[in-house]
Amino acid sequence: MDENNPQDHGWKTATWDCVELQKYIRDKHGIELSQETIRKLLKRNSFKYKKAEYLFSKRDLEKRNNFIAELFALFESLVKTKIMFCDEMSTKLHPKLGYVWTRSDKVYVETNCSHKRISTIAAIEPIIGEKVFANYDKNNADSFVQFLEKLENSTEQNIVLVLDNYPVHHSRKVKDFLENKGRITLKHLPTYSPDFNVIEWLWGYARVKYLNSRCLTTIEELKETVQNCFDSIDSEQIKKICNLDIVRKHLVT
């Protein structure tokens, strides 16, 4: 179980579960145990059934450490400059399923399986909990430039915008806008480091709290729902959800 690789023992399954362990113990040792007994034995020996997380093999730990150091140095040194985290979220009419309390054996969410979607672009400042967001029909260079214009108009301060390496963020249109305006500077995350972008936790909160299991039929309804969602998230929630400790804990010493 510590190896967690059934293939090394002649099993074709991806991971061990109680069903496969029951078969393994029976075949290899001739012992018949119930699946519930196996589950209790696992728990007694400190095993937990947890969802796996990605470990990106191409990550550069030195670049990640340097990024963290640079980021916190910016927070300490910059005056009259906001450091904000930016990202895009796509929301479809076809809903993501969420957890609900119910008396029924099954819970159904009606859907017409439409894959029409909108794109939300947002930027948050995690210290004071400020947010700027907008919804667009498409996620492309034009919509991102429109968002940068909105972001710049929201403050008189300079902005350092932390974001990923999505090709749109490197596009000619975006570069031209930044060169002409001059108050927004992009700071790109190290490759394979989405865990450094604290706004990702805001997306998760928004989906669970406001968007999952919602049955919507038109794009207009979807836009209104997403608008209401982010209007409802206040600065205190943002400070709690998007805490900089999310980044700090990844510093490797």
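The preceding data block contains the structure.
Throughout what follows, the structure given in this document is the object of discussion.

Criteria and thresholds
Residues numbered from 1 in each chain as written. Predicted model: local features only at pLDDT ≥ 70, side-chain atom pairs only at ≥ 80, totals over all residues. Heavy atoms only, no water. Phe/Tyr/Trp six-rings, centres within 6.5 Å; stacked < 30°, edge-to-face > 60°. Helix = DSSP H or I, 4+ residues; strand = E, 2+ residues; numbered from the N terminus. Core = buried A, V, L, I, M, F, W, Y, C linked by side-chain atoms within 4.5 Å. Buried < 20%, exposed > 50% of the residue type's maximum accessible area, 1.4 Å probe, protein only. Contact = heavy atoms within 4.5 Å. Pairing = 2+ DSSP bridges. Axes fitted to C-alpha atoms, helices over the stretch in contact; angles between N-to-C directions. Salt bridge = Lys/Arg side-chain N within 4 Å of Asp/Glu carboxyl O. Parallel < 35°, antiparallel > 145°, perpendicular 65-115°, else oblique. Left-handed = near helix turned anticlockwise from the far one by under 90°. Disulfide = S-S within 2.5 Å. Arc of directions from axis to C-beta.

## Digging into the packing of aromatic side chains
- Scanning the model with the defined rule gives 10 aromatic pairs in all.
- A centroid spacing of 5.9 Å and a plane angle of 35° characterise the contact between Phe56 and Tyr192, whose relative ring orientation is tilted. Taken together, the residues span a long stretch of sequence, with Phe56 in the loop between α2 (35-44) and α3 (61-77) and Tyr192 in the loop between β5 (184-188) and α6 (199-211) at a distance of 136 residues.
- Ring centres of Phe67 and Phe196 lie 5.7 Å apart, and the angle between their planes is 10°; on these two criteria the pair is classed as stacked. With a gap of 129 residues between them, Phe67 in helix α3 and Phe196 in the loop between β5 and α6 connect regions that are remote in the sequence.

## Considerations on the nonpolar core
- Phe85, Ile124, Leu202 and Phe230 are the most contacted members of the largest nonpolar core, which totals 35 residues.
- Elements with a contribution of two residues or more to this core: α3, β1 (81-92), β2 (117-125), β4 (158-163), α6, α7 (219-232), α8 (235-241) and α9 (245-248).
- What Phe85 contacts, discounting residues up to four positions off in sequence, is Leu71, Phe75, Ala122, Ala123, Ile124, Pro126, Val162, Phe196, Asn197, Val198, Ile199 and Leu244.

## Notes on the sheet that holds β2
- Spatially, the 5 strands line up as an open sheet ordered β3-β2-β1-β4-β5, and their pairing is mixed. Of all the strands in the sheet, the pair left with one neighbour each is β3 (130-136) and β5. Each adjacent strand pair in this sheet contributes to an overall mean axis angle of 25°, direction not counted.
- Pairing of β1 with β4 involves 5 bridges; the strand directions are parallel. The residue bridging Met84 from the neighbouring strand is Leu161, located in β4.

## Let's talk about the environment of Arg207
- Take Arg207: it is sitting in helix α6.
- Given a relative accessible area of 18%, Arg207 falls into the buried group.
- Sequence spacing of Arg207 and Cys229 is 22 residues, and the spatial spacing of their C-alpha atoms is 9.0 Å.
- Setting aside anything within four residues of it in sequence, one finds Arg207 in contact with Met89, Ser90, Thr91, Lys96 and Asn212.

## Topic: the pattern of salt bridges
- Applying the stated criterion across every chain, the model contains 13 salt bridges.
- Residues Arg39 and Glu36 are paired through a salt bridge, measuring 2.6 Å at the closest nitrogen-oxygen approach. Of this pair, Arg39 and Glu36 both sit in helix α2, 3 residues apart, which is roughly one turn of that helix.
- For Arg39, a relative accessible area of 34% gives the class partly exposed.
- Since its relative accessible area comes to 37%, Glu36 is described here as partly exposed.
- Across the pair Arg248 and Asp245 runs a salt bridge whose closest N-O atoms are separated by 2.4 Å. With Arg248 and Asp245 both in helix α9 and 3 residues apart, the pair spans about one turn of that helix.
- Among the residues examined, Asp245 registers a relative accessible area of 44% and is labelled partly exposed.

## Section: the packing of helix α4 (residues 141-153) against helix α5 (residues 172-181)
- At a minimum axis separation of 9 Å, α4 and α5 run at an interaxial angle of 25°. Relative to α5, the element α4 lies roughly parallel. Once α4 is placed against α5, the crossing between them reads as right-handed. Here Ala141, Asp142, Phe144, Val145, Leu148, Glu149 and Glu152 of α4 come into contact with α5, specifically with Lys173, Val174, Phe177, Leu178 and Lys181.

## Some words on the state of the cysteines
- Enumeration over the complete set of coordinates arrives at 0 disulfides.
- Unpaired in terms of disulfides, Cys242 finds its nearest cysteine sulfur in Cys229, a separation of 12 Å.

## Quick word on α6
- Taken residue by residue, α6 has Ile199, Leu202, Trp203, Ala206, Arg207 and Leu211 as its buried positions. Down the axis, α6 shows its buried residues gathered within 135° of arc, on one side only. Of the exposed residues in α6, those oriented more than 90 degrees away from the buried face are Val208 and Lys209.
- Ser213 sits one or two positions beyond α6 and adopts a positive phi of about 65°.

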